[in-house]
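# Close look at the chain arrangement
Chain by chain, the residues run as shown.
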Amino acid sequence: MDANRAALTRTMNDVPASDNRNYALPKQIATKKVAVVQCEGFRCLAYRENEAGIWRDVQTGEELPCVKSIVFEFAI
């Protein structure tokens, strides 16, 4: 490798630090539990409207009428 080319490789020390922007989620956004659910013939990422509520598709927001099981859950 060319020595001059290697000198152009940047490291974290070469990159300026952020300008102290606040990248945290806004306080009004609550943590949401989501799950991969098994429906008839497919699986999808879903959430519940409330604790005992119906399952909804994360991407479309449409109701999932026949959730057979929960594959796994996590919180975002």
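Okay, so let's go over this structure.

Conventions adopted
- Residues numbered from 1 in each chain as written.
- Predicted model: local features only at pLDDT ≥ 70, side-chain atom pairs only at ≥ 80, totals over all residues.
- Heavy atoms only, no water.
- Pairing = 2+ DSSP bridges.
- Helix = DSSP H or I, 4+ residues; strand = E, 2+ residues; numbered from the N terminus.
- Axes fitted to C-alpha atoms, helices over the stretch in contact; angles between N-to-C directions.
- Buried < 20%, exposed > 50% of the residue type's maximum accessible area, 1.4 Å probe, protein only.
- Contact = heavy atoms within 4.5 Å.
- Polar contact = N/O pair within 3.5 Å; in protein donor to acceptor, adjacent residues only side chain to side chain.

## Some words on the sheet that holds strand E3 (residues 55-57)
- A sheet is described by the order of its strands in space; here four strands give the open sequence E3-E2-E1-E4, paired in antiparallel fashion. The open sheet has two edge strands, E3 and strand E4 (69-75), and neither has a second partner. For this sheet, the mean inter-axis angle between neighbouring strands, taken without regard to orientation, is 40°.
- Here strand E1 (residues 33-39) pairs with strand E2 (residues 42-48) via six bridges, running antiparallel. Within E2, the position partnered with Val-37 by the bridge is Cys-44.

## Quick look at the environment of Asp-57
- For Asp-57, the location among the structural elements is in strand E3.
- On the accessibility criterion, Asp-57 (14% relative accessible area) is buried.
- In the structure, Asp-57 is positioned 11 residues away from Ala-46 in sequence and 4.5 Å away in space, judged by C-alpha atoms.
- With sequence-adjacent residues up to four places away left out, Asp-57 is seen in contact with Cys-44, Leu-45, Tyr-47, Glu-62 and Leu-64.
- Within polar-contact distance, the side chain of Asp-57 engages the backbone nitrogen of Gln-59 at 2.7 Å.

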